[in-house]
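Reading the structure
Here is how the chains run, residue by residue.
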Amino acid sequence: MDRISTGIESLDNILSGGFPEGAAILIAGRPGTGKTILAHQMMFSNASAERKAVYLTTLAEPQIKVMKFQQQFDFFDYTKVQESVIYQDLGSTLRKYGPSKSLAVINELIQTHQPTLMVIDTIKTIADMIPGMTEYREFLLDLSLRLTTWGCTAILLGEYSEEDIEIRPESAIADGIILLYGTEEKIRQKRYLRILKMRGTAYTGGENVFSIGSGGIEIFPRLNASVNKQTYYNFAEKVSTGVPKLDEMMRGGIPYGTATLVSGASGTGKTILALNFILAGMKKGEKAVFITFEENPRQIIHSCLKMGINLQDYIDRGLLFLEHFSPVELDVDEHVYYIQRLAHENKAKRVVIDSISSFELGMADKIKYTNYIFGLTDYFKTQEVTVCLTNEIHNSAIASELTKHGISYVADNLILLKFIESDFELKRYLRVVKMRGSSHANTITEVVIDENGFSLK
C-alpha cells in the first residue's frame, strides 16, 4: 500500500512508513494538544504543485487566525499558501446552508484542486451542527466515499477525549485514530501521542512522548525492547576496560556488545573507570558517546587534564561526543531517544551513561525506569555497541544491594567499587561480581587513583 508521510520521520517509522494513502485519519485530543500543528506539519511537508493539500476551517477557529499562529513554525512556507496549500472556510456554508451544501462545496474543491490531502478542522463542529446522529453518520459516509473515490487522504481533527472516541461515529468510519493528550507535572507539561487504530498498516503501539518547538512536533518513540532481534555475539571477543589488571581479572576485558554496570558509593572511582573504558576504544580510533548527568563537560575535561588525559583533543577529532543533561530538567523519554540517535548517527562503538542513579531522578514511575534501562541497554546490544553504566549506591556491602529497583539483572557484567577502612584509612577496592558467558577473577583488588589516573594494585 502506498504511503503518505506525516512530515515527522519518527512518526513515519512508528507507522511503518506513514499513513496509508486514501485513508481517513481521525486526530483526536482536547484543545491545545497539538492537533492543528500536526495537520499543518503534514500538509507543508507533502504539498507541491502536483500534490496539493486543502485545509478546511469550520466554526472552531477563523482561517486567518489559524494561519497567523502556524506561520511561527519553521515548516510554514508562505510560497505554498493558496498555491499548493489551499485554505478554505467551510464555516459560513455550514452556518447558512447546512451539511448537504457543505458536501457540494467539498466536492467542488476536490474537482478543482485534485488534492492528495484534505484536512477538516474540526469535524466536531460539523457534528454539533447536525441535529440527528443518523444524518451525521450519512454525512460522514458520503464524505468518506467522495474522498476515497478521488484517492484523497483525509485528516479529521476533533476535540475528543479517549472516552469520547469510544462512542463517536467518526471512530467507526475512520481508518486510523491518533490520540494526542498531555499531563501536567510539577516541572513541565508532558505531551503524548498514541495510535489507537490504523487499518492497512502495521504500527508500533504504546505511548510516545512528543514536544512542540520551533520546528513543529518532534516525537520521541517509546523504548521498544527487541530481544527477539538481538544478535548474540561470541563472548570470547573482548574489548579492553583501559585498566590492564582489570582486563586480566575479566579474562581479557569486557565481552563485546554487552552492558556493564559499575556500582559504588560516591568517590569510589566510577566515572574515572568509565573514562578509561572509552579511552581504550578511542585510542584504537573507535568513536564514543559519554553522557553525564552529574559533572558538566568542563569539569570532566579539567579533571582529566590533571591526569594527563586530553579529552578535548578527542572531541576536536570527532571521536568523543560528551553531553551533559541536568537531572532536574531531564525528560527521560526525550533524552533516551536523543542518546540513541547520537550514538547511531555517529557510529559510536562505546557508550557511557554516568550515572543511571541521576537518570532515575527524571522518572517518577520506577517500574517504567526499570523497563527503560532494560530497553536502552537492549537497543545498544542490537547495534553492536558496548555499554558502560555507572550507578551510585550507599550500601555496597553485599551484591544484592548493588542497584535499586532490581535493575542489576539488565547488566551482563557487574563491577563493584567500595570503601574499606584499613588502619584508620579508607581504601578503595574493586570486585568483579558477575560476567555472563565468561569466567572472571573472584578476588577483591585495591584501587589506586592518583595523578596517573585509575589503576589496580
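Residues numbered from 1 in each chain as written. Predicted model: local features only at pLDDT ≥ 70, side-chain atom pairs only at ≥ 80, totals over all residues. Heavy atoms only, no water.

**Considering helix H12 (residues 297-306)**
Rules: Buried, partly exposed and exposed residues are distinguished by accessible area as a fraction of the type maximum, computed with a 1.4 Å probe on protein chains only: under 20%, between the cut-offs, and over 50%, respectively. Numbering goes from the N terminus for both helices and strands, where a helix is a DSSP run of H or I of at least four residues and a strand is a run of E of at least two. Each direction from the helix axis to a C-beta atom contributes to the arc, which is the arc of those directions. Contacts are assigned to residue pairs with any non-hydrogen atoms lying within 4.5 Å of each other. Any N or O atom pair separated by 3.5 Å or less is treated as a polar contact, with the protein-specific requirement of one donor-capable and one acceptor-capable atom, and with residues adjacent in sequence counted only for side-chain atom pairs.
Along H12, the residues classified as buried are Ile300, Ile301 and Cys304. For H12, the angular spread of buried residues about the axis comes to 95°, placing them on one side. Facing away from the buried side of H12 by more than 90 degrees, the exposed set consists of Arg298 and Lys306. In the core, the buried residues of H12 are packed alongside helix H11 (270-282), strand E15 (288-292), helix H13 (311-316) and strand E16 (320-324). Where H12 starts, the residue carrying a side-chain oxygen 3.0 Å from the main-chain nitrogen of arginine 298 turns out to be asparagine 296.

**Some remarks on the sheet that holds strand E18 (residues 386-392)**
Defined as follows: Pairing between strands is defined by DSSP: at least two bridges between the two strands are required. Working convention: axes come from line fits to C-alpha atoms, limited for helices to the stretch in contact. Angles between N-to-C directions cover 0 to 180 degrees.
Spatial strand order, E16-E15-E17-E18-E14-E19-E20-E21-E22: nine strands in an open sheet with mixed pairing. Every other strand in the sheet has two partners, leaving E16 and strand E22 (453-456) as the edge strands with one partner each. Across this sheet, the average inter-strand angle for adjacent strands is 20°, counted without regard to direction. Inspection of the sheet shows strand E14 (residues 259-264) paired to strand E19 (residues 413-422) by five bridges, in the parallel sense. In the strand pairing of E19, serine 263 is matched with leucine 416. Each of E14, E15, E16, strand E17 (350-354), E18, E19, strand E20 (425-435), strand E21 (444-450) and E22 touches H11; the most contacted strand, E17, lies at about 165° to it. Lying on the sheet, helix H14 (residues 332-345) is in contact with E15, E16 and E17; it crosses E15 at an angle near 160°.

**A closer look at unusual backbone geometry**
Geometrically, the link from aspartate 121 to threonine 122 is a cis peptide bond, its omega value of 5° lying close to zero. Secondary-structure assignment places threonine 122 in the loop between strand E6 (117-121) and helix H6 (123-129). With an omega of 5°, the peptide bond running from aspartate 354 to serine 355 counts as cis. Considering the arrangement of structural elements, one finds serine 355 in the loop between E17 and helix H15 (356-361).

**Regarding helix H2 (residues 35-46)**
Heads up, the condition is: Between the first and last residue of a helix there are one fewer steps than residues, each counted as 1.5 Å, and that sum is the expected span.
Compared with the 16 Å implied by 1.5 Å per residue over 12 residues, the 17 Å span of H2 between its first and last C-alpha is a close match. By the criterion of burial, H2 is predominantly enclosed, with 11 of the 12 residues buried. When H2 is considered as a whole, its buried residues turn out to be Lys35, Thr36, Ile37, Leu38, Ala39, His40, Gln41, Met42, Met43, Phe44 and Asn46.

**Description of empty space enclosed by the protein**
Note the following rule: Points on a 1 Å grid over protein atoms alone make up a cavity when a 1.4 Å probe fits among them but cannot get out, and a pocket when they form an open set with protein on both sides within 12 Å along at least five of seven lines; lining residues each have an atom within 4 Å of a point. Grid points are joined across faces, edges and corners, and a volume is the space filled by probe spheres set on the points. Under the convention adopted here, Pro, Cys and the residues Ala, Val, Leu, Ile, Met, Phe, Trp and Tyr are nonpolar, Asp, Glu, Lys and Arg are charged, and Gly plus all remaining residues are polar.
All told, the structure shown has three cavities of 30 Å³ or more when counted by the stated rule. Every residue lining the largest cavity is counted, 14 residues in all, and those nearest its centre are Ala24, Ser144, Leu147, Ala154 and Leu156. Counting residues per element, the lining of the largest cavity draws most heavily on helix H7 (residues 133-149), which supplies five residues. Residues that form the lining of the largest cavity fall into these classes: 10 nonpolar, three polar and one charged. As a volume, the second largest cavity reaches approximately 60 Å³. Taken together, Thr241, Leu246, Ile254, Thr260, Val262, Leu273, Phe277, Cys388 and Ile415 make up the full set of residues lining the second largest cavity. Listed by contribution, the elements that provide at least two residues to the lining of the second largest cavity are E14 and H11. The residue makeup of the lining of the second largest cavity, split by class, is seven nonpolar, two polar and no charged.

**Focus: the pairing of E17**
With five of its five residues buried, E17 lies for the most part within the structure. Alternating positions in E17 separate into two faces, Arg350, Val352 and Asp354 on one and Val351 and Ile353 on the other, with burial throughout. Here five bridges tie E15 to E17, and the two strands are oriented parallel to one another. Bridging from a neighbouring strand, threonine 292 pairs with aspartate 354 of E17.

**Some thoughts on the side chain of threonine 271**
If you trace the backbone, threonine 271 turns up in helix H11. Its relative accessible area of 15% is what places threonine 271 among the buried residues. If we ignore the near neighbours within four places in the chain, the residues touching threonine 271 are Phe290, Glu295 and Asp354.

**A short note on the side chain of threonine 268**
Assignment of secondary structure puts threonine 268 in the loop between E14 and H11. With near-sequence residues (within four places) excluded, threonine 268 lies in contact with Leu417, Lys418, Phe419, Arg428 and Ile449.

**Here we look at the nonpolar core**
Which entries qualify depends on this criterion: What makes a nonpolar core is a set of buried Ala, Val, Leu, Ile, Met, Phe, Trp, Tyr and Cys residues whose side-chain atoms join them at distances within 4.5 Å.
In this structure, Leu246, Leu311 and Leu430 are the most contacted members of the largest nonpolar core, which totals 39 residues. Apart from the residues lying within four places of it in its own chain, the contact partners of leucine 311 are Leu275, Leu279, Met282, Ile300, Ile301, Cys304 and Leu320.

**As for the environment of isoleucine 177**
In this fold, isoleucine 177 is placed in strand E8 (residues 176-184). On the accessibility criterion, isoleucine 177 (5% relative accessible area) is buried. Put simply, isoleucine 177 and arginine 199 are 22 residues apart on the chain and 9.4 Å apart in space, counted from C-alpha to C-alpha. When neighbours within four sequence positions are excluded, isoleucine 177 is seen to be in contact with Leu26, Ile165, Ser171, Arg194, Ile195, Leu196, Lys197 and Met198.

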